[in-house]
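Here's the letter readout for the chains.
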Amino acid sequence: MKHLESALNKRNSFWKYIVVLFISFILASFVGVVPLMIVAVIKIIQNGGDMVSGMAMMSDPTALGISSNFAFVLLLFPLVLGFFILLFFIKLLNGQSFQEVINGTPKVRWPRFFTGAACWSLLMLIPLVIQYFISPSVFTFQLDITSFIPLVFISLILIPFQTSFEELAFRGYLAQGLGNLTKNRWTALIIPSLIFALLHVANPEVKEFGFFIMMANYLSMGLILGLVSILDDGIEVAMGIHAANNIFASLFVTHASSAFQTDAIFSIKEVDPVGGLIEVVIAGTLLILFLYKRYGWKFSTMNKKIQISPIEEGGA
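The structure presented is a predicted model; accordingly, all values stated were derived computationally and were not measured.

Let us now look at unusual backbone geometry. Glycine aside, residues mostly have negative phi angles, and peptide bonds mostly take the trans form. You will see that Lys183, though not glycine, has its phi angle at about 60°, which is positive. Relative to the helices and strands, Lys183 resides in the loop between α7 (145-182) and α8 (185-198).

A few words now on the sheet that holds strand β2 (residues 253-255). If you trace the 3 strands from one edge of the open sheet to the other, you get β1-β3-β2, paired in mixed fashion. Strand pairing shows two members of the sheet lacking a second neighbour, β1 (139-141) and β2, which therefore form its edges. Across the sheet, the mean angle separating the axes of adjacent strands is 30° when strand polarity is ignored. Sheet topology places β2 next to strand β3 (residues 266-268); 3 bridges connect them, and they run parallel. Counted as the bridge partner of His255 is Ile268 from β3.

Phe72, Leu76, Trp120, Val228, Ile241 and Leu287 are the most contacted members of the largest nonpolar core, which totals 47 residues. Once you skip the residues sitting within four places of it in the chain, Leu287 turns out to touch Cys119, Trp120, Leu123 and Ile241. One finds Phe89, Ala169, Tyr173 and Ile235 within the second-largest nonpolar core, a separate group that totals 25 residues.

So, on to a nonpolar patch on the surface. A cluster of nonpolar side chains, contributed by Phe141, Leu143, Ile145, Ile149, Phe153, Leu156 and Ile157, occupies part of the molecular surface with about 710 Å² of accessible area. It is α7 that contributes the most residues to the nonpolar patch, 5 residues altogether. Assignment of secondary structure puts Ile149 in helix α7.

The next subject is the side chain of Glu167. Summarising the element assignment, Glu167 is placed in helix α7. Take Glu167: its relative accessible area is 0%, and that puts it in the buried class. Ignoring anything within four residues of it in the chain, the contact list for Glu167 reads Gly172, Leu225, Ile235, Ala238, Met239 and His242.

Looking now at the pattern of salt bridges. Any two side chains of opposite charge can pair, so long as their charged atoms come close to each other. As enumerated under the stated definition, the model contains 5 salt bridges in all. Asp232 is the salt-bridge partner of Arg109, the closest N and O atoms lying 3.4 Å from each other. Taken together, the residues span a long stretch of sequence, with Arg109 in the loop between α5 (98-103) and α6 (110-134) and Asp232 in the loop between α10 (211-231) and α11 (236-251) at a distance of 123 residues. For Glu236, the salt bridge identified is with Arg109, shortest N-O distance 2.7 Å. Here Glu236 is found in helix α11, whereas its partner Arg109 is found in the loop between α5 and α6, with 127 residues between them in sequence. Ionic contacts of the salt-bridge type, sharing partners, join the residues Arg109, Arg112, Asp232 and Glu236 into one network.

Calculation criteria
- Residues numbered from 1 in each chain as written.
- Predicted model: local features only at pLDDT ≥ 70, side-chain atom pairs only at ≥ 80, totals over all residues.
- Heavy atoms only, no water.
- Helix = DSSP H or I, 4+ residues; strand = E, 2+ residues; numbered from the N terminus.
- Pairing = 2+ DSSP bridges.
- Axes fitted to C-alpha atoms, helices over the stretch in contact; angles between N-to-C directions.
- Core = buried A, V, L, I, M, F, W, Y, C linked by side-chain atoms within 4.5 Å.
- Buried < 20%, exposed > 50% of the residue type's maximum accessible area, 1.4 Å probe, protein only.
- Contact = heavy atoms within 4.5 Å.
- Patch = residues over 30% accessible without salt bridge, like charges linked within 9 Å, V, L, I, M, F, W, Y side chains within 5 Å.
- Areas by Shrake-Rupley, 256 points an atom, 1.4 Å probe, with all protein chains shown as cover.
- Salt bridge = Lys/Arg side-chain N within 4 Å of Asp/Glu carboxyl O.

From the geometry alone we can't say anything about function, so treat these as descriptive.
In structure tokens, the structure reads:
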């Protein structure tokens, strides 16, 4: 095992993990929103509108006359910036490389990333197709090829940075820090999953459907991503799943309360958050069972103490 064990180092005091994550998220939030603020101010001035009420519309930039694709880029930018900020401070304070945060080795297992992405895409597509044939009236076909083609490039290029920022922060860096602190894999699974869920509390879905049901959705997703990361001894599969999840949401289906307001192929009139939670749990279970067989995972790994093996210590 390498991923969590790679952080077992006296210089990796837990305060560094708190500082790096805090600074990364704060800088990403405050610096990353500057382009959106600049564009918003320009649009408000051009439209001769009130500055205070105009700035209040920043959560929905399209209301200011900004195209949905440009608005999507501006909303993704803080998390894309956060990806690079996080890597910079991890290297500065912990001396860890991008690869070491991913799996504790000098090499990223990219085939695992694409396996996770492909499997999760299929598991999202199947229930969508079933729902379309059962309740076609719920769907509105809204494909506009002139805006959809740029959206494809925006999603494929920027979303992997956005989702990788979250995976590096939670399933990678924070899980390693907690592993170093507690030597317990369950702690490295549960705490990052809880924080991951709570950081989505400002999403519009929470306001629309309620705190508890959406927290259950986010927490379930966090636990799935965390479990596959620990079982696979690296976060490549989780990175692929998360990227595929968000790319799928941006390109194929959206709804009025979605965090991603894009020119997706379909818009859904009605959303069932309880049904969505059930789909996530079923999809996650099927995915874990499939990858368990494919990669020879051992669930007993979860109860193993995080420590350097005698062989590794002897070779160090």
